[in-house]
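Residue-level structural notes
Chain by chain, the residues:
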Amino acid sequence: MASLSHLKPGEKGKIHVTVDAAGKRGPISKTVQVFSNDPKQPVTTLTLTMLVRDALHIKPQAAAKIFEQPCSSCHVEQGRGKTGFELFRADCFMCHNAGTAGLSISLMSKKPEGYLRDVIRDGVENTPMPGWARGKGGPLTDAEIESLVKTIKKPN
Amino acid sequence: MEKKAVSQLLTAIIMIMVPALAHAGPSIFFPELKYSFGSVSQQEKAEHYFEFLNKGDQDLVVEKVSAS
């Protein structure tokens, strides 16, 4: 049996490719380049395509569902131990990226600090924005929330 | 040797060498270069094996595989 890397004339090999659909939506394509010592074809490009269905955001859920599995692995766990812009990118960006569920960062930056702090802590009723403060069942400490407020208010 | 014989001999040598040179070496062949998984849900991890073959007459070495 030939190893992946060394094939005698006539021998067969296999290239194993995995594509992780987590966090993706719609048509996606991935290419793999295979570099070999074939003088006429030193690089071969392989292409994989798929259509990612969103099976997770179909029905409206209570906002706090985001803190339970399976939602938390994408929406909360990536932010553990982070602050400031890194925390924003991990926990907030997915919904607050322009065109998705929440206000864009440029619109949020115009709100007063007190408003931002309250909304992040307590959430907004009847919207997908839950309360993120530990006291409200969320994962964030006051210091982490403060770092988000500062990040949102910082001029770009 | 007269000129005509020399040029005929050279032509014969070249005609024998060219096919031999063209086939010497490894030759990588993938019967399938594209694959579609179709519709996949966000929680699935999709995997696929691309088969390939050395159609050449010398050892083929895959030096690196890189993904986008």
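First things first, this report covers the structure right here in the doc.

Each value, and the rule that gives it
- Residues numbered from 1 in each chain as written.
- Chains lettered and ligands numbered in written order.
- Predicted model: local features only at pLDDT ≥ 70, side-chain atom pairs only at ≥ 80, totals over all residues.
- Heavy atoms only, no water.
- Helix = DSSP H or I, 4+ residues; strand = E, 2+ residues; numbered from the N terminus.
- Buried < 20%, exposed > 50% of the residue type's maximum accessible area, 1.4 Å probe, protein only.
- Contact = heavy atoms within 4.5 Å.
- Areas by Shrake-Rupley, 256 points an atom, 1.4 Å probe, with all protein chains shown as cover.
- Pairing = 2+ DSSP bridges.
- Core = buried A, V, L, I, M, F, W, Y, C linked by side-chain atoms within 4.5 Å.
- Buried area = accessible area lost by both parts, 1.4 Å probe.
- Salt bridge = Lys/Arg side-chain N within 4 Å of Asp/Glu carboxyl O.
- Polar contact = N/O pair within 3.5 Å; in protein donor to acceptor, adjacent residues only side chain to side chain.

Some words on the overall build of chain A
Looking only at helices and strands, chain A features five helices and four strands. Starting at the N terminus and ending at the C terminus, chain A contains elements arranged as β-β-β-β-α-α-α-α-α. Here chain A holds 156 residues, and 35% of them are scored as buried. Across chain A, every contact between residues at least 6 apart in sequence was considered, and the portion connecting residues at least 24 apart equals 41%. By element, 56% of the accessible surface of chain A is carried by carbon and sulfur atoms, the whole surface being about 9,400 Å².

Here we look at the sheet that holds strand E3 (residues 45-54) of chain B
Reading across from one edge, E2(A)-E3(B)-E1(B) is the order of the three strands in this open sheet, with antiparallel pairing throughout. Where the open sheet ends on each side, the last strands, each with one partner, are strand E2 (12-20) of chain A together with strand E1 (28-29) of chain B. Bridge analysis of E1 of chain B against E3 of chain B gives two bridges, and the strand direction is antiparallel. What sits directly across from Phe-29 of chain B, in E3 of chain B, is Leu-53 of chain B.

Notes on the sheet that holds strand E2 (residues 34-41) of chain B
Reading across from one edge, E1(A)-E4(B)-E3(A)-E4(A)-E2(B) is the order of the five strands in this open sheet, with mixed pairing throughout. The open sheet terminates on both sides in strands that have one partner only, identified here as strand E1 (6-7) of chain A together with E2 of chain B. In this sheet, strand E4 (residues 60-67) of chain B lies alongside strand E3 (residues 26-36) of chain A in antiparallel orientation, the contact comprising five bridges. Bridge pairing in E4 of chain B places Val-32 of chain A opposite Ala-67 of chain B.

A word on the nonpolar core
Core analysis: the biggest nonpolar cluster contains 21 residues, and Met-50 of chain A together with Phe-30 and Phe-52 of chain B have the highest contact counts within it. Contributing elements (two or more residues each) for this core: E2, E3 and strand E4 (43-53) of chain A together with E2, E3 and E4 of chain B. Apart from residues lying up to four places away in sequence, Met-50 of chain A is in contact with Val-19, Ala-21, Gly-26, Pro-27 and Ile-28 of chain A together with Phe-37, Gly-38, Val-40 and Ala-46 of chain B. Counting 16 residues, the second largest nonpolar core, distinct from the first, contains Phe-67, Val-76, Ile-120 and Ile-152 of chain A.

Focus: the interface of chain B and chain A
The partner chain A presents 48 residues to the 41 residues of chain B that form the contact. The contact between chain B and chain A buries some 4,100 Å² in all, and 53% of this surface belongs to carbon and sulfur atoms. Considering only the surface of chain B that becomes buried against chain A, Gln-42, Phe-50 and Phe-52 of chain B emerge as the three largest contributors, covering 18% of it. Between chain B and chain A we count two salt bridges in total. Across the pair Asp-59 of chain B and Lys-8 of chain A runs a salt bridge, and its minimum N-O distance is 3.4 Å. At the boundary of chain B with chain A, the tally comes to 28 residue pairs in polar contact (both at pLDDT 80 or more).

Observations regarding unusual backbone geometry
All names here are of chain A. Looking along the chain, the bond that leaves Gln-69 and enters Pro-70 is cis, with omega of 0°. Look at Asn-126: it is not a glycine, yet its phi comes out positive at around 60°. Its place among the elements puts Asn-126 in the loop between helix H4 (113-122) and helix H5 (142-153). A residue is classified by how much of its surface remains accessible, and Asn-126, at 79% relative accessible area, is exposed.

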